Amino acid sequence: MKSLAIFATAVVLAGCSISASRDIKKAEKLLNSFHCSNIESSQMAHSPITSYHEQLLHSAKQKAENYIESYKNGETLFDIPLSAVVEQQYAIYKDACQNLGGISQEPEQENTP
């Protein structure tokens, strides 16, 4: 009976580990979509609004990178999946890109049943 409990615990922990690993891979794939094209900052008029959006571009991507690294190190920072947190940062990044006149690529959709 004791060995059955130990086995069940090991299966549950392995399942959690596989699920976390899959979520990290999904978040990393989304991070690869953090690109903003068609922005020529040298020709852009620098105003407080422009600086704000440029800072958002940098900080949203940096936060996503830091969150992924934390999860790889075994830290769970949020009650929602990591990929959902990275999607939120991508939405901020995409809006900042568009407000600067740029074009961001859409993340590839994963076909999961």
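Quantities reported herein were computed from a predicted structural model and do not represent experimental measurements.

1. Here's the deal with the overall build of the protein
Turning to step 1, where the next piece is worked out: From N to C terminus, the protein includes three helices and two strands.
Turning to step 2, where the next piece is worked out: Counting helices and strands in the order they occur from the N terminus, the protein gives α-β-α-α-β.
Turning to step 3, where the next piece is worked out: In the protein, which comprises 113 residues, the share counted as buried stands at 28%.
Turning to step 4, where the next piece is worked out: By sequence separation, contacts in the protein at least 24 residues apart represent 72% of the contacts at least 6 residues apart.
Turning to step 5, where the next piece is worked out: Element-wise, carbon and sulfur atoms account for 54% of the exposed surface of the protein, whose accessible area totals about 7900 Å².

2. Concerning the environment of Y93
Turning to step 1, where the next piece is worked out: Tracing the backbone shows Y93 in helix α3 (residues 82–99).
Turning to step 2, where the next piece is worked out: What Y93 contacts, discounting residues up to four positions off in sequence, is F34, H35, C36, L57, A60 and K61.

3. Looking at the state of the cysteines
Turning to step 1, where the next piece is worked out: Enumeration over the complete set of coordinates arrives at one disulfide.
Turning to step 2, where the next piece is worked out: The disulfide that involves C36 links it to C97, with 1.9 Å between the sulfurs. Disulfide C36-C97: torsion about the S-S bond near 95°, hence right-handed. Of this pair, C36 sits in strand β1 (residues 36–37) while C97 sits in helix α3, placing them 61 residues apart in sequence.
Turning to step 3, where the next piece is worked out: On the basis of relative accessibility, which here comes to 23%, the residue C36 falls in the partly exposed class.

4. Points about the packing of aromatic side chains
Turning to step 1, where the next piece is worked out: Applying the stated criterion across every chain, the model contains three aromatic pairs.
Turning to step 2, where the next piece is worked out: On the basis of an interplanar angle of 65° and a centroid distance of 5.3 Å, the ring pair of F34 and Y90 is categorised as edge-to-face. Note that F34 is positioned in the loop between α1 (2–31) and β1 and Y90 in helix α3, a separation of 56 residues in sequence. The same class applies to F34 as to Y90, namely buried.
Turning to step 3, where the next piece is worked out: Between F34 and Y93 the ring centres are 5.0 Å apart and the planes differ by 45°, which places this aromatic pair in the tilted class. Residue F34 is located in the loop between α1 and β1, and its partner Y93 is located in helix α3; the two are separated by 59 residues in the primary sequence.
Turning to step 4, where the next piece is worked out: According to the relative accessible area criterion, F34 is buried, its value standing at 1%.
Turning to step 5, where the next piece is worked out: A relative accessible area of 7% places Y93 in the buried class.
Turning to step 6, where the next piece is worked out: Within the aromatic cluster, the residues linked to one another by ring pairs are F34, Y90 and Y93.

Reading guide: rules and limits
Residues numbered from 1 in each chain as written. Predicted model: local features only at pLDDT ≥ 70, side-chain atom pairs only at ≥ 80, totals over all residues. Heavy atoms only, no water. Helix = DSSP H or I, 4+ residues; strand = E, 2+ residues; numbered from the N terminus. Buried < 20%, exposed > 50% of the residue type's maximum accessible area, 1.4 Å probe, protein only. Contact = heavy atoms within 4.5 Å. Areas by Shrake-Rupley, 256 points an atom, 1.4 Å probe, with all protein chains shown as cover. Disulfide = S-S within 2.5 Å. Phe/Tyr/Trp six-rings, centres within 6.5 Å; stacked < 30°, edge-to-face > 60°.

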